[in-house]
Amino acid sequence: MENAIITVEHLVKQFGKHKAVDDVSLQIRKGSICGLIGPNGAGKTTLMKMLGGLVMPDSGKITIFGKESENDLAHERSRMSFIIETPYAKQGMSAKENLTKQCYQKGIPDLSRVDEVLSIVGLGDTGKKSVKNFSLGMRQRLGIAGALLSRPEVMVLDEPVNGLDPEGIVEVRDLITKLNHDQDITVIISSHILAELSHLCTDYIFINNGQIKQCIEAEQLRAMCQENYHIHTDNDPLAVAVLQEKLGIKDISVDKDGSLRIHERLDEKRLISETLYQNGLVPLILEITEADLEQYYMKLVGENNVEHRKISELHDKT
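A brief structural summary. (Residues numbered from 1 in each chain as written. Predicted model: local features only at pLDDT ≥ 70, side-chain atom pairs only at ≥ 80, totals over all residues. Heavy atoms only, no water.)

**Brief notes about the layout of surface pockets**
Volume-wise, the largest pocket comes out at about 580 Å³. Lining the largest pocket are 27 residues, with Ile83, Glu85, Thr86, Pro87 and Gln140 positioned closest to its centre. Elements that contribute at least two residues to the lining of the largest pocket include exactly β5 (80–83), α3 (95–106), α5 (136–148) and β6 (154–158). Of the residues assigned to the lining of the largest pocket, the class counts are 13 nonpolar, 9 polar and 5 charged. (1 Å grid on protein atoms, 1.4 Å probe; cavity = no way out; pocket = protein on both sides within 12 Å on 5 of 7 lines; lining within 4 Å. Points joined across faces, edges and corners; volume = space filled by probe spheres on them. Helix = DSSP H or I, 4+ residues; strand = E, 2+ residues; numbered from the N terminus. Nonpolar A, V, L, I, M, F, W, Y, C, P; charged D, E, K, R; others polar.)

**What to know about the environment of Ser150**
Within the element layout of this structure, Ser150 appears in the loop between α5 and β6. Given a relative accessible area of 36%, Ser150 falls into the partly exposed group. Once the C-alpha coordinates of Ser150 and Phe206 are considered, the two residues, 56 residues apart in sequence, prove to be 30 Å apart. (Buried < 20%, exposed > 50% of the residue type's maximum accessible area, 1.4 Å probe, protein only.)

**Regarding the nonpolar core**
Leu142, Ile144, Leu148 and Tyr204 are the most contacted members of the largest nonpolar core, which has 49 residues in total. Tallying contributions element by element places α5 first for this core, with 6 residues. Ignoring sequence-local partners within four residues, the contact set of Ile144 consists of Ile83, Val121, Met155, Val172, Leu175 and Leu179. One finds Val24, Met48, Ile188 and Ile205 within the second-largest nonpolar core, a separate group that totals 27 residues. (Core = buried A, V, L, I, M, F, W, Y, C linked by side-chain atoms within 4.5 Å. Contact = heavy atoms within 4.5 Å.)

**Let's talk about the state of the cysteines**
By the definition in use, this model includes 0 disulfides. No disulfide involves Cys215; its sulfur sits 7.3 Å from the nearest other cysteine sulfur, which is in Cys34. (Disulfide = S-S within 2.5 Å.)

**Section: the pairing of strand β9 (residues 211–217)**
Judged from the 6 bridges that link them, strand β8 (residues 203–208) and β9 form a sheet pairing that is antiparallel. Within the sheet, the bridge partner assigned to Tyr204 lies in β9 and is Ile216. Counted between consecutive antiparallel strands, the loop separating β8 from β9 contains 2 residues, among which Asn209 sits at a positive phi close to 55°. (Pairing = 2+ DSSP bridges.)

**Looking at the sheet that holds strand β7 (residues 186–191)**
A sheet is described by the order of its strands in space; here 6 strands give the open sequence β5-β6-β7-β3-β8-β9, paired in mixed fashion. Strands with a single pairing partner mark the edges of an open sheet, and in this sheet they are β5 and β9. Pairwise comparison of adjacent strand axes, ignoring direction, gives a mean angle of 15° for this sheet. As paired strands, β6 and β7 are joined by 5 bridges and run parallel to one another. Counterpart to Val156 in the pairing with β7 is Ile188. Packing against the sheet, α5 makes contact with β5 and β6, and its axis sits at approximately 155° to β5. (Axes fitted to C-alpha atoms, helices over the stretch in contact; angles between N-to-C directions.)

**Things to note about the sheet that holds strand β2 (residues 18–29)**
The strand order across the open sheet formed by 3 strands is β2-β1-β4, and the pairing between neighbours is antiparallel. Both edges of this open sheet fall to β2 and β4 (59–64), since each of them pairs with a single strand only. Mean inter-strand twist for the sheet, computed between neighbouring axes without regard to direction, equals 15°. The sheet contact formed by strand β1 (residues 4–15) and β2 spans 8 bridges and is antiparallel. From the neighbouring strand, Ile6 faces β2, where its bridge partner is Ile28. Relative to β1, helix α1 (residues 44–51) is tilted by about 120°, and along the sheet it contacts β1, β2 and β4.

What is shown is where atoms sit, not what they do.
In C-alpha cells, the structure reads:
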C-alpha cells in the first residue's frame, strides 16, 4: 500500500485459551481516517493496545513510520497519541487547569498550546467551568484536546462516541474530520456504531473473533453498497450464465447464499426477468436494493452475531 505509515504482520495475542487477535495483518495509510469495525470482543481494543505498546504481542511484527525494533517503536510512538481507556480528568478542575497539569506531566514547556487545543476542540469558552459539569460529548472532546497537546501525527481512538447522545456523536465526528483535514492527523478509530463511521472514514477494517474479515477503502465500499438488482432463482449458477450470454451483463456479484446482485442495466428489470423466464429459470427474488454499511458488515460476520444485531437495533431507535 502506498503511503503506509503503520503495518501489522501476522499479529497474535492470546489470553489463556482465548485468542484475542488471531494472525492479523493490515496497513494504515497516511492521511486516512481508518475505521476499525467489529462487535464487542472482536479484538479491536487489544489490537490498539499492541499498537500503543500497552500489550505485547505473542508473535508477529508491528512497523510504525518504517521502524520495527522495540527501541525504535518506543520512539516512533511519541509521534502518536492514544485514547484507549476513558480520558481521565480532575472533575473539580476546569478544562484549562486539567490540560495545564497534563503539560507539566508530559514535559510540554509551551503552555500556550493549552489554549490552542481548547480552541481546536471547541472548548475555548468554557472558562472556569468544572469538568464535572461538562456533558459527555464535552468530556470526550477534552480527552481529545489532551491527546493533541503533543502535536501527534497519528491518533488512535477506541470507541470515542460510545455512550454519547446524537448531538455529542455529531460533535466528536465533526472534530475528528476537522483534525484530519486541518491538522493532517491520521486517525484510527474503532466503533460498533457503524452508521456513524460511514459518515467519517476513508478506510475500513472489518474484524470479528480476532480476525480481519476485510480491509477496504471507502470508495470501494460505496461501490459495493450501491444500488443493485438482487436476483435469486431456482438455479443461480445457471442464471449467471444466462445473464452473461444472453444480455452481456458482466457486473454480477454472488452473495454467501448464492443469490446474485447486478450493478448495471438497472432500468431494464423487465427484460432481465423475461430473459430468466424464457430460459427456464424461476425467479424467487427480483428486487432493487441498496446495501448500507450495517448490512455489508452483517454479511461479513454472519447473521447470527446477536450482540452486534442488538446494538444495530438500538442505534436505529435513537
